[in-house]
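Commentary on secondary and tertiary structure
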Amino acid sequence: MENEAAAGGSAVIDGVIWFISNIGMAFYNFFYALTHPALWLDWSDKQAIMRFVYYGGSVEFFFVVFTAFLVMFGIGIWRGNIMWGYVRVLEGFANTVGRFFAWAGLLMVIQQIIIVFMQRIFTRPDISFGFGIPLQFDISWFAEELKLYNALVVCLCMAYTFVQGGHVRVDLVYSAVKFRTKKVIDMFGALFFMMPVAVLIWLYGWFFLWRHLIVPNPSASDTLDRLLNKSRALRWNVETIGFSPNGFNGYFLFKILLCAFTAMVFLQAMAMFFRSFQEWREGEESENKYLDRDTLGEGEEAYEGAH
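Residues numbered from 1 in each chain as written. Predicted model: local features only at pLDDT ≥ 70, side-chain atom pairs only at ≥ 80, totals over all residues. Heavy atoms only, no water.

What follows covers the overall build of the protein. Counting secondary structure elements, the protein contains 11 helices and 4 strands. By residue count, 35% of the 307 residues in the protein fall in the buried class. Across the protein, contacts joining residues at least 24 apart in sequence account for 69% of those joining residues at least 6 apart. For the protein, the computed accessible surface area is about 18600 Å², with 67% contributed by carbon and sulfur atoms. Each charge class in the protein can be summarised by its mean position, and for the 23 positive and 27 negative side chains these summaries are 4 Å apart. (Helix = DSSP H or I, 4+ residues; strand = E, 2+ residues; numbered from the N terminus. Buried < 20%, exposed > 50% of the residue type's maximum accessible area, 1.4 Å probe, protein only. Contact = heavy atoms within 4.5 Å. Areas by Shrake-Rupley, 256 points an atom, 1.4 Å probe, with all protein chains shown as cover. Lys, Arg positive; Asp, Glu negative; His and termini not counted. Charge placed at Lys NZ, Arg CZ, Asp CG, Glu CD.)

Below, the structure is given as structure tokens:
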């Protein structure tokens, strides 16, 4: 029993040392990557591609991001106005991206109307755009491409909808507690729910993406040395297979959107944590400070956040 307790204590100490050492190494790894960009950005070098693949889903990259969050939080505690700056930049980024890609919903409707007209009225098997050498695809290609517009809205407008208060909230205790307790709940949710889920989806989506872009297929279990050995046989093999013979063949774009979605969610979790901390620290008078929400006009407040 004593040996088991001693082994358990030793494992805890080793884990703490590993955690702290990785935070310390994050500064070195970050500045080394900045000062040696050719090692991972020169994609004419096959080994650089494999380094990019490896580090994108690596422990080193996680601790660089995590340490950056800790440094930002520490500076924000020292200077509250700097933390409000984080909130404004992160929420502004989410709003800008979301407002831009929300127009994909309109494009989806217009394209569907064109498809119906071309099929039912003009009885054409394809659609052409442009002059000289036009962009021409079968109608089934454009019909399947509608999924991409839907994916753009879902993946890139998620954080925007969060800022706008448009997500469904299942409230069991939140409305009944005090203001500062609400902020603690928000911070806990951002730190222990949003961020870990975003990290898990990123780790899955990152290698899922690259397995549809290059061969030999990289794996999350591959070490850097193994991937560098694989780079000798590396070649691009971008997925261009559609569900139908003449259907949409850019399904690798959905894998890219999956990674973009998780990055947006993680950044929004940071914004939520920083905002909740500042509102907890400053009190009720700071609630919704600098919050940029869309409005439907005077008298429509009851419907805002649900459009």
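Okay, helix 11 (residues 252-282) next. For helix 11, with 31 residues, the first-to-last C-alpha span of 45 Å sits near the 45 Å given by 1.5 Å per residue. One or two residues past the end of helix 11 sits Gly-283, with phi positive at roughly 95 degrees. (Expected span 1.5 Å × (residues − 1).)

What follows deals with the nonpolar core. Side chains of nonpolar character tend, in soluble globular proteins, to be buried together. One finds Leu-257, Met-270, Phe-273 and Phe-274 to be the most contacted residues of the largest nonpolar core, which totals 44 residues. Looking at this core, the elements with two or more residues in it are helix 4 (59-78), helix 5 (80-101), helix 6 (104-120), helix 7 (139-156), helix 8 (158-163), helix 9 (179-210) and helix 11. The greatest single-element share of this core, amounting to 12 residues, is contributed by helix 11. When sequence neighbours within four positions are dropped, the list of residues in contact with Phe-274 reads Phe-69, Met-72, Phe-73, Met-83, Tyr-86, Val-87 and Leu-90. (Core = buried A, V, L, I, M, F, W, Y, C linked by side-chain atoms within 4.5 Å.)

This part takes up the packing of aromatic side chains. Enumeration according to the criterion identifies 37 aromatic pairs in this entry. Summarising the aromatic geometry, the rings of Phe-63 and Phe-66 are spaced 6.5 Å apart at their centres and angled 90 degrees between planes, so their arrangement reads as edge-to-face. Note that Phe-63 and Phe-66 are positioned in helix 4 at a spacing of 3 residues, about one turn of the helix. Looking at Phe-63, the relative accessible area reads 2%, which means it is buried. Given the relative accessible area of 22%, Phe-66 is considered partly exposed. Aromatic side chains Phe-188 and Phe-193 sit 5.9 Å apart centroid to centroid with 65 degrees between the ring planes, which places their arrangement in the edge-to-face category. For Phe-193, a relative accessible area of 52% puts it in the exposed group. Ring-pair connections join several aromatic residues into one group, and the members of that group are Trp-40, Trp-43, Phe-52, Phe-61, Trp-202, Trp-206, Trp-210 and Trp-236. Residue placement shows Arg-79 over the ring face of Trp-78; its charged tip is 4.7 Å from the ring centre. (Phe/Tyr/Trp six-rings, centres within 6.5 Å; stacked < 30°, edge-to-face > 60°. Lys NZ or Arg CZ within 6 Å of the ring centre and 35° of its normal.)

Another aspect to go through is empty space enclosed by the protein. The full count for this structure, using the stated rule, is 1 cavity of 30 Å³ or more. Empty space within the largest cavity amounts to approximately 30 Å³. Taken together, Leu-90, Phe-93, Ala-94, Ala-159, Met-264, Leu-267 and Gln-268 make up the full set of residues lining the largest cavity. Every element with two or more residues in the lining of the largest cavity is listed here: helix 5 and helix 11. A breakdown of the residues in the lining of the largest cavity according to their chemical character gives 6 nonpolar, 1 polar and no charged. (1 Å grid on protein atoms, 1.4 Å probe; cavity = no way out; pocket = protein on both sides within 12 Å on 5 of 7 lines; lining within 4 Å. Points joined across faces, edges and corners; volume = space filled by probe spheres on them. Nonpolar A, V, L, I, M, F, W, Y, C, P; charged D, E, K, R; others polar.)

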